[in-house]
Amino acid sequence: MNSQHVKATDDIVALSEVSKTYRTATGTTHALSPTTLNIRRGEFLSVVGPSGCGKSTLLTMISGLALPSSGEVRIDGQLIDKPYDRCGIAFQTSVLLEWRSVLDNVLLQFEMRGIDPAPHRAKAMALLDSLGLEGSARLYPRELSGGMKQRVSIARALIHDPQLLLMDEPFSAVDALTRDQLSMDLQQVCMERGRDLTVLFITHHIQEAVFLGDRVLVMTPRPGRIAEIIDIDIPRPRRLEDIGREKQAQYAAHIRETFTRVGVFRQSKTEQCEGEAA
Ligand SMILES: Nc1ncnc2c1ncn2[C@@H]1O[C@H](COP(=O)(O)OP(=O)(O)OP(=O)(O)O)[C@@H](O)[C@H]1O
Ligand SMILES: [Mg+2]
């Protein structure tokens, strides 16, 4: 899944001049500037950008849950003009049904599609095991920690073998140590699935974006546009121990510089004075 192993021409998602303007009772919000973007098959594309710059809007248009105001989204050449059912989605909160067990929450994917879930139980159990939820299948959401709930929601997003996994700040509600472990586990899942799984991963966390991404898409403030897309040339498996070190740290510093350049971060007064004096 390293970007160097992915053929540049083999794109799964193509956005062409896609923009979004919301109209509400109180006015209009230009959420996303016209954006052209290709997502490569099998890659892990991280997206970082300031709050309100249109990241979730971008994700919902790729999923077909919202339609662009202009431009078009295509997946495998197919125009997305309604919800796309070959993707899995994981949000910031796990959105589990409290009255269903862990296993039944995962199997919900099949029931929603009118498919008998019974033949998929063993696969669901194996997936739960691989996501660190051994022995938890019969528990109910109220009996789980926040990190465990998030693992269930990832299992639910993956159980129907989607070719595209869309993740919107999936780890932002869990503690820092759990977050690190979830990143490691997600990396493992992606390495196992290789080109069969493409991931779009939205985060506010620069180091997490670098740790997980084959590429990192950096966005400007609203109306969001692409400030730059950076290839993360670090072999896998990547190690948590290296997050603050060398290459990972250099990429993170570069992204912070880009955020300063596009006005996400303000320069400190001292830096401004030094710049003017120079
Ligand atoms: N359904 C909607 N109706 C009206 N305005 C919306 C709607 N959804 C989003 N917006 C507006 O569009 C802009 C972009 O929102 P979006 O949720 O895409 O941002 P985001 O980058 O995901 O932000 P965050 O990092 O805080 O989640 C915001 O100003 C938001 O208020
Ligand atoms: Mg959002």
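Treat the numbers as computed from the prediction; the structure is a model and nothing was measured. (Residues numbered from 1 in each chain as written. Chains lettered and ligands numbered in written order. Predicted model: local features only at pLDDT ≥ 70, side-chain atom pairs only at ≥ 80, totals over all residues. Heavy atoms only, no water.)

Break down the site of ligand 1 for me, with residues and values.
Taken together, 15 residues lie near ligand 1, and Ser51, Gly52, Lys55, Thr57 and His204 sit nearest. Within the backbone of Gly54, one N or O atom sits 3.0 Å away from an oxygen atom of ligand 1. In the environment of ligand 1, an oxygen atom lies 2.5 Å from a nitrogen or oxygen atom belonging to the side chain of Thr57. Protein coverage of the free-state accessible area of ligand 1, which is 640 Å², stands at 65%. Every element with two or more residues in the shell around ligand 1 is listed here: strand S1 (11-24), strand S2 (27-40) and helix H1 (55-63). Considering only residue class, the shell around ligand 1 consists of 4 nonpolar, 8 polar and 3 charged. (Near = heavy atom within 4 Å. Polar contact = N/O pair within 3.5 Å; in protein donor to acceptor, adjacent residues only side chain to side chain. Areas by Shrake-Rupley, 256 points an atom, 1.4 Å probe, with all protein chains shown as cover. Helix = DSSP H or I, 4+ residues; strand = E, 2+ residues; numbered from the N terminus. Nonpolar A, V, L, I, M, F, W, Y, C, P; charged D, E, K, R; others polar.)

Explain the side chain of Thr21 residue by residue, including any values.
Relative to the assigned elements, Thr21 resides in strand S1. Judged by its relative accessible area of 17%, Thr21 falls in the buried class. Among the polar contacts listed, one links the side chain of Thr21 to the side chain of His30, at a separation of 3.0 Å. Every residue in contact with Thr21, bar those within four places of it in the chain, is listed here: Thr28, Thr29, His30, Ala31 and Ser69. (Buried < 20%, exposed > 50% of the residue type's maximum accessible area, 1.4 Å probe, protein only. Contact = heavy atoms within 4.5 Å.)

Tell me about the sheet that holds S2, and name the residues and values.
Overall, antiparallel pairing links the 4 strands, which are arranged S2-S1-S4-S5 in an open sheet. Of all strands in the sheet, those with a lone pairing partner are S2 and strand S5 (78-79), marking the two edges. As paired strands, S1 and strand S4 (residues 70-75) are joined by 5 bridges and run antiparallel to one another. Paired with Ala14 across the bridge in S4 is Arg74. Against the sheet, H1 contacts S1, S2 and S4, and its axis sits at roughly 120° relative to S1. (Pairing = 2+ DSSP bridges. Axes fitted to C-alpha atoms, helices over the stretch in contact; angles between N-to-C directions.)

Which residues make up the domain arrangement of the chain, and what are the values?
Quite often, the size of an interface is put as the accessible area lost when its parts meet. Taken as a whole, the chain is organised into domain 1 (3-86 + 166-277) and domain 2 (97-161). Between domain 1 and domain 2, the C-alpha centre-to-centre distance is 27 Å. At the interface, 12 residues of domain 1 touch 11 residues of domain 2. The interface formed by domain 1 and domain 2 includes 2 salt bridges. For Arg151, the salt bridge identified is with Asp185, shortest N-O distance 2.6 Å. The interface formed by domain 1 and domain 2 includes 4 residue pairs in polar contact (both at pLDDT 80 or more). When residues of the side of domain 1 that touches domain 2 are assigned to their parent elements, the largest contribution, 6 residues, is made by helix H5 (residues 176-193). Here the side of domain 1 that touches domain 2 is composed, by residue class, of 7 nonpolar, 2 polar and 3 charged. (Domains from an automatic or database assignment. Salt bridge = Lys/Arg side-chain N within 4 Å of Asp/Glu carboxyl O.)

Before we move on, could you go through the packing of aromatic side chains and cite the residues and values that matter?
Taken as a whole and judged by the stated rule, the model has 3 aromatic pairs. Aromatic pair Phe259 and Phe265: ring centres 5.7 Å apart, planes at 80°, arrangement edge-to-face. The exposure class assigned to Phe265 is partly exposed, which follows from its relative accessible area of 35%. Site record: aromatic cluster; members linked through ring pairs are Phe44, Phe171 and Phe201. (Phe/Tyr/Trp six-rings, centres within 6.5 Å; stacked < 30°, edge-to-face > 60°.)

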